[in-house]
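Remarks on the overall topology
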Amino acid sequence: MTDAPAQDKIDALLAALRLDTPVIAVYDSDDTRAFAPTVKSGGLNCCFAYYGRWLKGDTLILTGEAKGCPGGLYHLGLRDSIMPNMEYFLTCGTGELRGEGLRATPDIAREMLKRRNPVKSKSGNILIGPLRLDQWDSVRTLSFFVDPDRLSALMTLSGYWSATDTVVAPFGSGCSLLWRAVAEHGGEKAVVGGTDIAMRRHLPADTLAFTVSPQLFHRMVNVPQGSFLDRDWWAELMKARSK
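Throughout what follows, the structure given in this document is the object of discussion.

Things to note about the overall build of the protein chain
Along the backbone of the protein chain there are nine helices and eight strands. A compact globule built from 243 residues should have a C-alpha radius of gyration of about 18 Å, and the protein chain, at 18 Å, falls within 12% of that. Counting only C-alpha atoms and orienting by the principal axes, one finds that the protein chain spans roughly 60 × 40 × 35 Å. Evaluated residue by residue, the protein chain yields a buried proportion of 47% over its 243 residues. Contacts spanning at least 24 positions in sequence make up 69% of the contacts within the protein chain whose residues lie at least 6 apart. Per element, the accessible surface of the protein chain, about 12300 Å² overall, is 51% carbon and sulfur. Counting 28 positive and 27 negative side-chain charges, the protein chain places the averaged centre of each group 3 Å from the other.

The following block contains the structure:
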């Protein structure tokens, strides 16, 4: 794990982006008390149902025994298995299980599921909430929640030091794109998330997630003076939007 980035560097990036929503982190931590104020999931709620609470400073606590979406607990490394007949849930259904028509056939969905590499929580506690630099060692990913303009800036910034594409936009549930999708690429690629139509109702209509590893976040907030964020195209875009 890299050292925590400096707060002034983070503030400078957010100011350059004209972004007023906080950076939201996924943590894997033994010490849940360090994240107060906190909220525990209830019912079968999607973790994104707490998006408004994250913006207010609250952190969601999830455990393997917690109430909450079973898929979310699996994709965030708190359970070892996903629901049975998942290939039918994603497609045509079977028996009393309703299908959602997200893939053409169960065989396609089954092959897609085989290619997934699940993550595993070490502590048994996954927390999702505003970035706390004093808890940097437990950060697994960091997400910006942004409109298309700022998404384009973050995509550009994530590839500033690379000759190849550094952004992926995989299919998956919103929770799976918060950690697993980043881990599958070794933390070297950013993930465009918030594209799961089942959870999009919890986000503003113009908002997507841009999720990165701690090491990529560290590079991004340390972008040097003279990048596109200090030049005309970005300034002109921001000026156009302010009219």
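Brief notes about the sheet that holds strand E7 (residues 190-193)
Spatially, the eight strands line up as an open sheet ordered E2-E3-E4-E1-E5-E8-E7-E6, and their pairing is mixed. Both outer strands of the open sheet, strand E2 (38-40) and strand E6 (167-168), are each paired with one neighbouring strand and no more. In this structure, E2 lies alongside strand E3 (residues 59-63), joined through three bridges in parallel fashion. Bridged to Val39 within E3 is Leu60.

Considerations on the packing of aromatic side chains
Taken as a whole, this structure holds nine aromatic pairs when the rule is applied. When the ring centre of Phe171 is taken as origin, the NZ or CZ atom of Arg103, which lies over that ring, is 4.1 Å away.

Section: the nonpolar core
Grouped together as the largest cluster of nonpolar side chains are 34 residues, with contacts concentrated most on Leu131, Phe144, Phe210 and Phe217. Every element with two or more residues in this core is listed here: helix H1 (7-17), strand E1 (24-28), strand E5 (139-146), helix H6 (148-158), E7, strand E8 (208-212), helix H8 (214-221) and helix H9 (232-241). If you tally residues by element for this core, the top one is H1, at five residues. Among all residues touching Phe217, those that are not within four sequence positions of it are Pro5, Ile10, Val23, Leu131, Trp136, Leu142, Phe144 and Val212. Counting 23 residues, the second largest nonpolar core, distinct from the first, contains Trp54, Leu76, Cys175 and Met199.

Some details on helix H5 (residues 106-114)
Turning to H5, its buried residues number three or more, namely Pro106, Ala109 and Met112. Viewed along the axis of H5, the buried residues span an arc of 125 degrees, placing them on a single side of the element. Exposed and facing more than 90 degrees away from the buried side of H5 are Asp107 and Lys114. Close packing links the buried residues of H5 with helix H4 (86-89).

Re the side chain of Arg180
Within the secondary structure, Arg180 is located in helix H7 (residues 180-184). Residue class for Arg180 comes out buried when judged on its relative accessible area of 3%. Within polar-contact distance, the side chain of Arg180 engages the side chain of Ser176 at 3.2 Å. Setting aside chain neighbours within four positions, we find Arg180 in contact with His75, Arg116, Asn117, Pro118 and Val119.

Some thoughts on the environment of His202
Along the polypeptide, His202 turns up in the loop between E7 and E8. The spatial distance from the C-alpha of His202 to the C-alpha of Cys47 is 9.4 Å, given a sequence separation of 155 residues. Not counting the four nearest positions on each side in its chain, His202 is found in contact with Cys46, Phe48, Ala49 and Tyr51.

Re the pairing of E1
In the case of a regular strand, side chains alternate between the two sheet surfaces. Among the five residues that make up E1, five are buried, leaving the element largely enclosed by the rest of the structure. Here E1 shows no split at all, with Ile24, Val26 and Asp28 on one side and Ala25 and Tyr27 on the other all buried. Alignment of E1 against strand E4 (residues 125-130), held across five bridges, turns out to be antiparallel. Residue pairing for E4: Val26 is matched across the bridge by Ile128. As judged from the four bridges shared by E1 and E5, these two strands associate in the antiparallel manner. In the sheet register, Ile24 faces E5, and the bridge partner there is Ser143.

Topic: the packing of H1 against H8
Closest axis-to-axis distance for the H1/H8 pair is 9 Å, and the angle between their directions is 70 degrees. Judged by the angle between their axes, H1 and H8 are roughly perpendicular. Contacts from Lys9, Ile10 and Leu13 of H1 reach H8 at Phe217, Met220 and Val221. Its residues assigned to classes, the contact of H1 with H8 comprises five nonpolar, no polar and one charged.

Analysis parameters
Residues numbered from 1 in each chain as written. Predicted model: local features only at pLDDT ≥ 70, side-chain atom pairs only at ≥ 80, totals over all residues. Heavy atoms only, no water. Helix = DSSP H or I, 4+ residues; strand = E, 2+ residues; numbered from the N terminus. Rg over C-alpha atoms; globule rule 2.2 N^0.38 Å. Buried < 20%, exposed > 50% of the residue type's maximum accessible area, 1.4 Å probe, protein only. Contact = heavy atoms within 4.5 Å. Areas by Shrake-Rupley, 256 points an atom, 1.4 Å probe, with all protein chains shown as cover. Lys, Arg positive; Asp, Glu negative; His and termini not counted. Charge placed at Lys NZ, Arg CZ, Asp CG, Glu CD. Pairing = 2+ DSSP bridges. Phe/Tyr/Trp six-rings, centres within 6.5 Å; stacked < 30°, edge-to-face > 60°. Lys NZ or Arg CZ within 6 Å of the ring centre and 35° of its normal. Core = buried A, V, L, I, M, F, W, Y, C linked by side-chain atoms within 4.5 Å. Arc of directions from axis to C-beta. Polar contact = N/O pair within 3.5 Å; in protein donor to acceptor, adjacent residues only side chain to side chain. Axes fitted to C-alpha atoms, helices over the stretch in contact; angles between N-to-C directions. Parallel < 35°, antiparallel > 145°, perpendicular 65-115°, else oblique. Nonpolar A, V, L, I, M, F, W, Y, C, P; charged D, E, K, R; others polar.

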